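Inside the fold
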Amino acid sequence: MSLLVTGGRGLVGSAIAGDFKPTRDELDLMDLESIVAYLNENQITQIIHCAAKVGGIKANMDQLGEFFYANTIINTNVLEAARCCSVEKVVSFMSTCVFPDKATYPLSADQIHDGEPHSSNYAYAYSKRMLDVQSRAYREQYGCNFVTVIPCNIYGPNDNFDLESSHVIPALIRKCDEAINTHSDFVIWGSGEPWREFIFVGDVAEITSWVLNNYNDPAPFIMSPESEVQISTIAQTIASVMGFEGNIVYDSHYPDGQLKKPSDNSVLRELMPDYQFTSIEDGLQQSVHWYKEHKKEITT
Ligand code: GFB
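All values derive from a computational prediction rather than experimental measurement. Per chain, residue numbering runs from 1 following the sequence as it is written. Only residues with pLDDT of at least 70 are given local features in this predicted model, and only at 80 or more are side-chain atom pairs given and counted; all residues enter the totals for whole chains, interfaces and linings. In computing side-chain properties, one takes all heavy atoms of the structure into account and sets aside hydrogens as well as water.

**Some thoughts on the nonpolar core**
As a reminder of what qualifies: Here, the term nonpolar core denotes a set of buried Ala, Val, Leu, Ile, Met, Phe, Trp, Tyr and Cys residues that are joined through side-chain atoms within 4.5 Å. Residue exposure (1.4 Å probe, protein chains only): buried if accessible area is under 20% of the type maximum, exposed if over 50%, otherwise partly exposed. A run of H or I in DSSP becomes a helix once it reaches four residues, and a run of E becomes a strand once it reaches two; helices and strands are each numbered from the N terminus. In this description, contact between two residues means that some pair of their heavy atoms is separated by no more than 4.5 Å.
Core analysis: the biggest nonpolar cluster contains 29 residues, and L39 and I47 have the highest contact counts within it. Mapped onto this core, the elements with two or more residues apiece are α1 (32-41), α3 (64-84), α4 (122-142) and β4 (146-151). By residue number, the principal contributor to this core is α3, which donates five residues. With near-sequence residues (within four places) excluded, L39 lies in contact with L4, I44, I47, A81, A82, C85 and V87. Grouped together as the second largest cluster of nonpolar side chains are 27 residues, V12, V91, I154 and V201 included.

Following this line, the structure appears as structure tokens:
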């Protein structure tokens, strides 16, 4: 077996073991022929497809077209190349933002095409939904064993801490640190009222490895713990972990995005009944530690 992990330098890809984890310079996923050549040259038999143009709520809203184009091309190319090279198994990453904004909760895998995604990230969401469509279509026409997973909001070491493009947890860790150092307010975007499910990247890596070796169903596999957390609670927990005692303020000039996106993890619970998720407190401790260890390279 020879496993390729695309996006192997990113938050998720860097947590997943693989035989091949090429950089963008080593493998251009925007170019189909390059991927075909790479898969043949390295005799790749399995792919965990993590690579994507990703970002938080602001990056998604500012770059709707870029997010749609880049992710649609990358995803379409990876699955087409895998088909052409008879790759035995592909696990592709979607995200809980693929669900319709107006939906019945908890969000279940059979709902993903039942309506428009939230306006803050509809372009990315539609590009991700096509991984489900292409994987099912290739299974039906060609017999490809291509599956998809739907993680909730992922966080952890090696995250993106750029304040313009990052997701909420790394952004708040960095902003809290800067508030401590400059004796200023800890500013949270939006109202703090939205709810999110968060999964630690170490758990994503373990569960994805299990999916690669055990899950062969066309239905997307939802990867999330049972707990939803309010953004205001995340802010307070980060402040507590980092020892911030100043003012936490909410800037309503920024959007809240989806109010909530609770997902149905019953299939995971049925197939992995004993799985223990990393607690948000433990995950935040590890993320803060990683940030402090790498602060110099992050902030210069
Ligand atoms: O993590 P986040 O950017 O993405 O925002 P989404 C989550 C919530 O945190 C929103 C609030 O309600 C934000 O307003 N928030 C508060 C902040 N302060 C901050 C901050 O300083 N930075 C950021 N980024 N958020 C993403 C999608 O939506 O979910 C992605 O855009 C992907 O495509 C990801 O699907 C899983 O959870 O709103």
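**Overview of the side chain of Q46**
Looking at the secondary structure, you find Q46 in strand β2 (residues 46-49). With sequence-adjacent residues up to four places away left out, Q46 is seen in contact with M1, S2, L3, L4, V87, K89, L212 and N213.

**Quick notes on the pattern of salt bridges**
For clarity, the threshold we go by: Any carboxyl oxygen of Asp or Glu within 4 Å of a side-chain nitrogen of Lys or Arg constitutes a salt bridge here.
Considering all chains together, one arrives at eight salt bridges under this definition. The salt bridge partner of D132 is R136, with a shortest N-O separation of 3.0 Å. You can see D132 and its partner R136 sitting in helix α4, four residues apart, about one turn around the helix. The partly exposed category is assigned to R136, whose relative accessible area is 32%. Two residues, D177 and K295, come together in a salt bridge whose shortest N-O distance is 2.7 Å. Of this pair, D177 sits in helix α5 (residues 168-182) while K295 sits in helix α10 (residues 295-299), and the two are 118 residues apart along the sequence. Residue classification places K295 among the partly exposed positions, given a relative accessible area of 27%. Bridged by salt links that share partners, the residues K58, D62 and E164 form one connected network.

**Remarks on the site of the ligand**
To be explicit about the condition: Residues are counted as near a molecule or strand when any one of their heavy atoms sits within 4 Å of it. Whenever two N or O atoms come within 3.5 Å, that pair is a polar contact, provided that in protein one can donate a hydrogen and the other can accept it, and provided that, for residues adjacent in sequence, both atoms are side-chain atoms. Working definition of accessibility: Shrake-Rupley area with a 1.4 Å probe, residue cover restricted to the visible protein chains.
The environment of the ligand is made up of 23 residues, and the closest members are S95, K175, R196, P255 and D256. S95 places a side-chain nitrogen or oxygen 2.7 Å from an oxygen atom of the ligand. Contact distances for the ligand include 2.8 Å between an oxygen atom and a side-chain N or O atom of R196. Surface burial for the ligand is 98%, taken as the share of its 700 Å² of free accessible area covered by protein chains. Broken down by secondary-structure element, the contributors of at least two residues to the shell around the ligand are α2 (57-62), α5 and β6 (186-189).

**Considering the pairing of β4**
Along a regular strand, successive side chains alternate from one face of the sheet to the other. For clarity, the cut-off: At least two bridges found by DSSP between two strands are what make those strands a pair. Crossovers are marked right-handed if the path from the first strand over the helix to the second runs clockwise, as seen with the strands pointing away from the viewer.
Among the six residues that make up β4, six are buried, leaving the element largely enclosed by the rest of the structure. Across four bridges, the pairing between strand β3 (residues 89-93) and β4 is parallel. Residue pairing in the sheet places V90 in a bridge with F146 of β4. Remark: the β3/α4/β4 crossover connection has right-handed handedness. As defined by bridge partners, β4 adjoins strand β8 (residues 221-223) across three bridges and the pair is classed as parallel. Bridge pairing in β8 places P151 opposite M223.

**Examining the sheet that holds β8**
Sheets are built from strands that pair by backbone hydrogen bonding, the pairs being arranged parallel or antiparallel. Selection rule: Axis definition: a line fitted to C-alpha atoms, limited for helices to the stretch in contact. Angles are taken between N-to-C directions and run from 0 to 180 degrees.
In space, the five strands of this open sheet follow the order β1-β2-β3-β4-β8, with parallel pairing throughout. Strand pairing shows two members of the sheet lacking a second neighbour, β1 (3-6) and β8, which therefore form its edges. Neighbour-to-neighbour, the strand axes of this sheet turn through a mean angle of 20°, independent of strand direction. Inspection of the sheet shows β2 paired to β3 by four bridges, in the parallel sense. Residue pairing across strands places I47 opposite V90, the latter belonging to β3. Along the sheet, α3 makes contact with β2, β3 and β4, crossing β2 at roughly 170°. Of the strands in this sheet, β2, β3 and β4 touch α4, which is tilted by about 155° from β4.

**Quick word on the domain arrangement of the chain**
Accessible area lost on assembly of the parts is the figure often given for the size of an interface. In plain terms, the rule: Domain start and stop positions are those given by an automatic or database domain assignment. Using a 1.4 Å probe, buried area is obtained as the accessible area two parts lose upon being combined, added over both of them.
Domain annotation of the chain identifies domain 1 (3-154 + 197-223) and domain 2 (158-196 + 226-261 + 278-298). Once you take the C-alpha centre of each, domain 1 and domain 2 turn out to be 26 Å apart. Taken together, the contacts link 24 residues of domain 1 with 27 residues of domain 2. Summing the contributions of domain 1 and of domain 2, the shared interface buries around 2200 Å²; its carbon and sulfur component is 60%. Looking only at domain 1, the three residues that lose the most surface to domain 2 are E197, F198 and F200, adding up to 31% of its buried area.

**Some remarks on the packing of α5 against helix α9 (residues 280-293)**
Definition in use: Angle categories are assigned with fixed cut-offs, so that under 35 degrees is roughly parallel, over 145 is roughly antiparallel, 65 to 115 is roughly perpendicular, and the rest are oblique. Throughout, a crossing is termed right-handed when the near helix is turned clockwise from the far one, and left-handed when it is turned anticlockwise from it by less than a right angle. Just so you know the grouping, Ala, Val, Leu, Ile, Met, Phe, Trp, Tyr, Cys and Pro go in nonpolar, Asp, Glu, Lys and Arg go in charged, and all remaining residues, Gly too, go in polar.
Two numbers describe how α5 lies on α9: the axes approach to 11 Å, and their chain directions differ by 60°. In terms of orientation, α5 lies oblique with respect to α9. For the element pair α5 and α9, the recorded crossing hand is right-handed. For the pair formed by α5 and α9, the contact residues are I169, I173, R174 and D177 on the first element and I280, L284, S287, V288 and Y291 on the second. In the contact of α5 with α9, the residues fall into six nonpolar, one polar and two charged.

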